[in-house]
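# Structural overview for review
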Amino acid sequence: MKKQLREESIRNFGALWHKILSSESNMKNKKQYPHLMALSSVESAIISMAYSNEDIILRDIIQCLGLPKSTLTSIINRLEEGGYLSRCISKRDRRSYGLCLTQKGIEAHDERARYEEQEFGSIIDRLTEEENSQLVSILNKITSP
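Residues numbered from 1 in each chain as written. Predicted model: local features only at pLDDT ≥ 70, side-chain atom pairs only at ≥ 80, totals over all residues. Heavy atoms only, no water.

This part takes up the pattern of salt bridges. Throughout the structure, instances matching the rule amount to 3 salt bridges. The partner of Arg 87 in a salt bridge is Glu 80, and the shortest N-O contact between them spans 2.4 Å. Judged by its relative accessible area of 25%, Arg 87 falls in the partly exposed class. In this structure, Glu 116 engages Arg 112 in a salt bridge whose closest nitrogen and oxygen atoms are separated by 2.8 Å. (Salt bridge = Lys/Arg side-chain N within 4 Å of Asp/Glu carboxyl O. Buried < 20%, exposed > 50% of the residue type's maximum accessible area, 1.4 Å probe, protein only.)

Okay, the side chain of Ser 44 next. The residue Ser 44 is located in helix H3 (residues 41–52) in this model. Assessed through its relative accessible area of 7%, Ser 44 is described here as buried. Beyond its immediate sequence surroundings of up to four residues, Ser 44 is in contact with Leu 36, Leu 39 and Arg 112. (Helix = DSSP H or I, 4+ residues; strand = E, 2+ residues; numbered from the N terminus. Contact = heavy atoms within 4.5 Å.)

So this is what it looks like as structure tokens:
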């Protein structure tokens, strides 16, 4: 009986997970979010990190996102070519490159913040304080190594 319950839980979780992912990929107001539509989630996360930490260096991003250096370099090249950011010498470690957002990069960050406020806010608003706390706790448990 335990195995059957586990299998049913996996199916239910899978269905909910795909529903969450499909709502993310089917943004209702695509015209409101042109930058988000053009960026991958990792690219958007890097822009957000650069916005939040003006002196972030590539090593910080590698550690935070767990990306290989070659992958990060490719992503930053795409973001630079797209006009979202540029590499700049870090003030903290003059031997390292940091990321400087362009106006387009700042707009992309602001767009992501609006999207998260709208979408995540609507989820949070449907839950009680206790449910919010439980949700965050469970998601932390799922994502921790």
